[in-house]
Amino acid sequence: MMKKPFIYLFTILMACGTLKTYAQEPRIPEASSTQTIIQDFGLGKITITYSRPNVKGRKIFGGINPFGTVWRTGANDATTITFSENVIVEGNKVPAGTYSLFSIPDEKMWTIILNKTAKQWGAYSYKQADDLLRFKVKPVEVKEKRETFTMQFANSTTKTTDLYLVWDHTAVPMHMQTDDDAQITANINKLMQGDTKKRPYFNAIQYYYENDKDLNKAMTWVLEAEKLEPNGPWYKLWKARIQLKMGKKAEAIATAQEGVRLAKASNDDEYVRLNEAVIGQAKN
């Protein structure tokens, strides 16, 4: 009667041993490591997956990457870029989707390519007929050497961001814009019609202010928010900023001074500083 349990136990132990052996098989690292970066952008995200070669003492652009030749913009598989929402890249409308990101380096201008064939090895099977678009950008020389090829986002806001390709002493910028302002505005207006206590006042006011939308509507939301949080120095700040943007300097100063008073009462140094900054701008 004891044989079956023993057989079951032996089988389980053998399986575990097999899994352990498989998990510990020798591995060799890729010469060029892979990285995935994700940037929140508008209502969506931008996701880039690429491999990162190193300089290793070589001449890069005009050397191992000849000028005028299509480059995979990295190593190994072609770099892929995914937009979860429609975007505008250097003035070109790009539908949501995943694309291969190729480039053609040159001394004075680079050609950037978004290709509709997302998965391919290097640029060996690249076909220009599959391009979604091409556009040109100007490379920038940088003093500090970047040993490892790097892609990074900078200057990111709710509506714009810059993508930089950086390697050796060269940086190549690409400007991107969201293409969802109409949807964001519609979402805000819908949310602001809901329960007064649940309305996203702060985000709605900030979006309208920063994107030069209807300041009178933004001011109406500020006044509503002040009734819910009369001691909040943050709403005094945005009220003052809106007043200043509308050219009402005296009113902006008075509002910001009230914001300073409330911030000091709650020991909120950040909002003391921010409200004081508005006062300084209004007095200039």
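Above this text you will find the structure in question.
The rules we used
Residues numbered from 1 in each chain as written. Predicted model: local features only at pLDDT ≥ 70, side-chain atom pairs only at ≥ 80, totals over all residues. Heavy atoms only, no water. Axes fitted to C-alpha atoms, helices over the stretch in contact; angles between N-to-C directions. Helix = DSSP H or I, 4+ residues; strand = E, 2+ residues; numbered from the N terminus. Parallel < 35°, antiparallel > 145°, perpendicular 65-115°, else oblique. Left-handed = near helix turned anticlockwise from the far one by under 90°. Contact = heavy atoms within 4.5 Å. Nonpolar A, V, L, I, M, F, W, Y, C, P; charged D, E, K, R; others polar. Expected span 1.5 Å × (residues − 1). Buried < 20%, exposed > 50% of the residue type's maximum accessible area, 1.4 Å probe, protein only. 1 Å grid on protein atoms, 1.4 Å probe; cavity = no way out; pocket = protein on both sides within 12 Å on 5 of 7 lines; lining within 4 Å. Points joined across faces, edges and corners; volume = space filled by probe spheres on them. Core = buried A, V, L, I, M, F, W, Y, C linked by side-chain atoms within 4.5 Å. Salt bridge = Lys/Arg side-chain N within 4 Å of Asp/Glu carboxyl O. Phe/Tyr/Trp six-rings, centres within 6.5 Å; stacked < 30°, edge-to-face > 60°. Lys NZ or Arg CZ within 6 Å of the ring centre and 35° of its normal.

1. Looking at the packing of helix 6 (residues 249–265) against helix 7 (residues 269–283)
Contact geometry for helix 6 and helix 7: axes closest at 8 Å, N-to-C directions at 160 degrees. In terms of orientation, helix 6 lies roughly antiparallel with respect to helix 7. Between helix 6 and helix 7 lies a crossing whose hand is left-handed. Along its contact with helix 6, which presents K249, I253, A256, Q257, G259, V260, A263 and K264, the element helix 7 presents Y271, V272, N275, E276, V278, I279, A282 and K283. Of the residues contributing to the contact of helix 6 with helix 7, the split by class is 9 nonpolar, 3 polar and 4 charged.

2. Some remarks on helix 6
Between its first and last C-alpha, helix 6 extends 24 Å over 17 residues, near the 24 Å set by a 1.5 Å rise per residue. When helix 6 is considered as a whole, its buried residues turn out to be A252, I253, T255, A256, G259, V260, L262 and A263. Immediately beyond the C-terminal end of helix 6, within one or two residues, lies N267, with a positive phi of roughly 55 degrees.

3. Quick word on empty space enclosed by the protein
Once rolled over the atoms, a probe with the size of a water molecule shows which space is left empty. Tallied over the entire structure, the rule returns 1 cavity of 30 Å³ or more. Of the voids in this model, the largest cavity is the one considered here, and its volume is about 40 Å³. Around the largest cavity, the lining residues are F41, G42, G44, K45, I46, S84, E85, N86, V87, T178, D179 and D180. Sort the elements by how many residues they give to the lining of the largest cavity and strand 2 (residues 44–52) lands first, with 3 residues.

4. Points about the nonpolar core
Judged by nonpolar contacts, the single largest core of 31 residues is most densely connected at I48, I81, F83, I112 and M151. With 6 residues, the single largest contributor to this core is strand 10 (residues 160–178). Beyond its immediate chain neighbours, meaning those up to four positions away, I81 contacts I46, T47, I48, G97, T98, Y99, L101, L114, L163 and M176. In this structure, M192, Y201, Y209 and I242 belong to the second largest nonpolar core, which totals 18 residues.

5. Considering unusual backbone geometry
A positive phi angle, close to 55 degrees, is found at K56, a residue other than glycine. Mapped onto the elements of the fold, K56 is located in the loop between strand 2 and strand 3 (80–83). Even without a glycine there, the phi angle at E90 is positive, about 50 degrees. Owing to a relative accessible area of 33%, E90 belongs among the partly exposed residues under this scheme.

6. Topic: the pattern of salt bridges
In total, this model carries 9 salt bridges according to the counting rule given. A salt bridge links D40 to K45, with the shortest nitrogen-to-oxygen separation between them at 2.5 Å. K45 gets classed as partly exposed once you look at its relative accessible area, which sits at 41%. Linking E224 and R199 is a salt bridge whose minimum nitrogen-to-oxygen distance equals 3.0 Å. Here R199 lies in the loop between helix 2 (181–191) and helix 3 (201–210) and E224 lies in helix 4 (residues 215–228), a separation of 25 residues in the sequence. Members of the salt-bridge network, linked through shared partners, are E226, K236 and K239.

7. Describing the packing of aromatic side chains
Here the structure, examined in full by the defined rule, presents 15 aromatic pairs. With 5.3 Å between their ring centres and 75 degrees between their planes, Y209 and W238 make a pair best called edge-to-face. Residue Y209 is located in helix 3, and its partner W238 is located in helix 5 (residues 233–245); the two are separated by 29 residues in the primary sequence. With a relative accessible area of 18%, Y209 lands in the buried category. Grouping aromatic residues by their ring pairs yields a cluster made of Y50, F61, W71, W110, F149 and W167. Over the ring of W121 we find R72; its NZ or CZ atom is 5.9 Å from the centre of that ring. The ring of Y208 has K213 lying over it, and the distance from NZ or CZ to the ring centre is 6.0 Å.

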